[in-house]
Amino acid sequence: MSGLDDLAGIGADRRRGGYSRHVFDDAERTLREWFVEQAERRGLAVETDANTNIWAWWGRPGPGAVVTGSHLDSVPGGGAFDGPLGVVSALEAVDLLRERGFQPRAPLALIVFAEEEGGRFGIPCLGSRLMTGTIHPDRARGLRDADGLTFAEAMGTFGADPARIGRDDGALGRIGTFVELHVEQGKGLIDLDRPVAVADSILGHGRWRFRFRGQGNHAGATLIDDRHDPMIPAARLVLAARSAAEATRDGRATVGRLVPTPGGTNVIASSVDVHLDARAPRGARSLVDDLTEQAREFAWQEGCQLDVVEESFGDTVHFDPTLRDRLRGVLDDAPILPTGAGHDAGVLAAETPTAMLFVRNPTGVSHAPEEHATAEDCEEGSHALARVLAELAG
Ligand code: HGY
Ligand code: MN
Ligand code: MN
Ligand code: MN
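This is a predicted model, so every value here is computed, not measured.

Okay, the coordination of the manganese ion (ligand 2) next. Ideal geometry at a metal gives 109.5 degrees between four tetrahedral donors and either 90 or 180 degrees between six octahedral ones. At this site the manganese ion (ligand 2) is bound by D82 (OD), E117 (OE) and H367 (NE2), with donor distances of 2.0 to 2.1 Å. Considered as a linear motif, the donors of the manganese ion (ligand 2) on their single chain read D-x34-E-x249-H. Taken as an interatomic distance, the gap from the manganese ion (ligand 2) to the manganese ion (ligand 3) is 3.5 Å; D82 donates to each of them. Residue D82 is found in the loop between β3 (65–71) and α3 (84–99), and its partner E117 is found in the loop between β4 (108–113) and α4 (126–132); the two are separated by 35 residues along the sequence.

See the structure below:
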C-alpha cells in the first residue's frame, strides 16, 4: 500500500510507541499537506471547509455526491492504519477506477475529517460534529488542549477562522452517500476468515470527566486520618467502572487517562481527573448514571468533592440496511459486522445514507502500535471501495 508507506514515520511517538498525530500539530499538518498533494496530483479540486475538513473533488462539486474518506489524526501512541487506511484507500480507489476508464455520473469527493479521535481537544469526530451541528460552535471554540490552548486559538495558528465553524448545510447538501473504509478494530474478520466486511452498527458511546477535589498535602507529614486524598475515590471509580461494564450486556468502560494535579510523587494530589469512555448497546448513559452515584459516595467517604462533565455522547448507530445490503451484494456477499469503535460515519449517518467497509486486522488490536492490516487485505479493501464507488456513482 504505497500511500501508507508515504506516511510511515510521520508523527512516530518515540516515548509511547506508535503514532501521535493530533489536529493541527506538525505531524497532522504534514499529513494534510501529503493528502492535498496526492489529490492535486490526481487532478482533484481541493478545498478546506470552515470546519477544517479537507475535500477533494472528482468532477464539479454538487448535490448527490458520493463521498468517501476518513481521518488522519490518531490517538496518542496509536496504530498506522486507524484513519489513514480509509484515506489512502480512497486515493487508490480513484486510481483503480480511472485505470478502468470509469467516469462518475455523480460528483465524487474524497474527504479527510478533522480531530476524529479527539486526541487534542477531547471531543471525538469534532470535524464531522461541527459540520452536522451536533456540537455548538461556542463549545467547540472553547475546548482546551493539554497546554490550555483553545480550539479557536489553535485554528488561528493553523490559518483558519474560528468565527466560521458550525453546521455546514452547503457541505451536507452536497453529500448524497458517504462511505468510510476503516481497518477493523476487533477480531470479527479473523474469525470469519474474510478480508472485507460491511458495517452493521456502531455501539453507543460517550465520554465523561470525573474531577475529584481534595486537599493537596505532604506525603510524609500528613497522617492517614487527616487526609482528603482524591486519588482514593478515583481508584475506586476505576474498579467500579469495570464492574459496571461487566454488569451491562455488551457494556464497555475504560479509564485510559487518570490525571492527578499537581502530580508529584511525594505530594497528595489536590485533584484527580478520571476520564471515562463508556459504551453500551442502549447508549452508555444508564451505565454512567449508576457509576456517578457510586463516585459521589466514594468522594464523600474521603471528604472530597466531585464534579462530573459529560464531554460527548451518542447512541448506537444502525447503518442504513438498504445501502448496507446493496454494498454486500456488490462485494460477493461480504459479511456484516458491528463495531465498538466510533467513526465520522456514525455522525454523518444521522444526516445522509452512510456505510462503512472494514478491512481485516490480523492482530485484532487497535489504538496501539500492534494494529495491522496486510498489504493483500489493504489491496482487497481498495478494490472493494472502488467497486462500491462505481456502484454508487456510476
Ligand atoms: O474512540 C473511537 O471509538 C474512535 O476510534 N474515535
Ligand atoms: Mn480510532
Ligand atoms: Mn478511526
Ligand atoms: Mn472515523
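Below, the discussion takes up the site of ligand 1. Around ligand 1, the structure places E116, E117, R279, A341, G342 and H367. At 3.2 Å, a side-chain N or O of E116 approaches a nitrogen atom of ligand 1. Between ligand 1 and E117, the relevant distance is 3.0 Å, taken from a nitrogen atom to a side-chain nitrogen or oxygen of the residue. Compared with its free state, where it exposes 210 Å², ligand 1 has 95% of that area covered by protein. Within the shell around ligand 1, the residues separate by chemical class into one nonpolar, two polar and three charged.

Before going further, it helps to spend a moment on the packing of α3 against helix α13 (residues 375–393). Between α3 and α13, the shortest axis-to-axis distance is 8 Å and the interhelical angle comes to 60°. The angle between α3 and α13 places the two elements in the oblique class. In this structure, α3 crosses over α13, and the sense of that crossing is right-handed. On α13, the residues touching L85, S89, A90, E92, A93, L96 and L97 of α3 are C378, S382, H383, L385, A386, L389 and A390.

Let us look at the pattern of salt bridges. As enumerated under the stated definition, the model contains 21 salt bridges in all. Here D307 makes a salt bridge to R213, at a shortest N to O gap of 2.8 Å. Remark: R213 occurs in strand β7 (residues 204–213) and D307 occurs in strand β12 (residues 305–314); sequence separation between them is 94 residues. A residue is classified by how much of its surface remains accessible, and D307, at 27% relative accessible area, is partly exposed.

Low pLDDT marks stretches whose predicted atomic positions should not be read closely. Here the chain averages 97 in pLDDT, while 100% of its residues score no lower than 70. Predicted complex, confidence summary: ipTM 0.90, pTM 0.96.

Turning our eyes to something else, we now look at α3. Over its 16 residues, α3 runs 23 Å from end to end, which matches the ideal 22 Å to within 8%, given 1.5 Å per residue. Most of α3 sits out of view: 13 of its 16 residues are buried. Downstream of α3 by a residue or two, G101 has a phi angle that is positive, lying close to 75°.

Quick look at the packing of helix α9 (residues 231–246) against helix α10 (residues 285–301) now. Between two packed helices, what matters for the description is the angle formed by their axes and the separation of those axes. At a minimum axis separation of 9 Å, α9 and α10 run at an interaxial angle of 155°. With respect to each other, α9 and α10 are oriented roughly antiparallel. Note that α9 runs across α10; the crossing there is right-handed. Between α9 and α10, the residues in contact are P233, R236, L237, A240, A241, A244 and A245 and L287, L291, Q294, A295, F298, A299 and Q301, respectively. Split into classes, the residues belonging to the contact of α9 with α10 amount to 11 nonpolar, two polar and one charged.

Ordered by their spatial adjacency, four strands build an open sheet running β9-β11-β7-β12, and the pairing between neighbours is antiparallel. Edge strands, defined here as strands with exactly one partner in the open sheet, are β9 (252–261) and β12. Here the strands of the sheet are splayed against their neighbours by 15° on average, with no regard to which way each runs. Examined bridge by bridge, β7 and strand β11 (residues 271–280) share 10 bridges and lie antiparallel to one another. Across the sheet, R211 pairs through a bridge with D273, a residue of β11.

Cut-offs and rules
Residues numbered from 1 in each chain as written. Chains lettered and ligands numbered in written order. Predicted model: local features only at pLDDT ≥ 70, side-chain atom pairs only at ≥ 80, totals over all residues. Heavy atoms only, no water. Donors = N, O, S within 2.8 Å, 3.2 Å for Na, K, Ca; no water. Helix = DSSP H or I, 4+ residues; strand = E, 2+ residues; numbered from the N terminus. Near = heavy atom within 4 Å. Polar contact = N/O pair within 3.5 Å; in protein donor to acceptor, adjacent residues only side chain to side chain. Areas by Shrake-Rupley, 256 points an atom, 1.4 Å probe, with all protein chains shown as cover. Nonpolar A, V, L, I, M, F, W, Y, C, P; charged D, E, K, R; others polar. Axes fitted to C-alpha atoms, helices over the stretch in contact; angles between N-to-C directions. Parallel < 35°, antiparallel > 145°, perpendicular 65-115°, else oblique. Left-handed = near helix turned anticlockwise from the far one by under 90°. Contact = heavy atoms within 4.5 Å. Salt bridge = Lys/Arg side-chain N within 4 Å of Asp/Glu carboxyl O. Buried < 20%, exposed > 50% of the residue type's maximum accessible area, 1.4 Å probe, protein only. pLDDT = per-residue confidence, 0-100. Expected span 1.5 Å × (residues − 1). Pairing = 2+ DSSP bridges.

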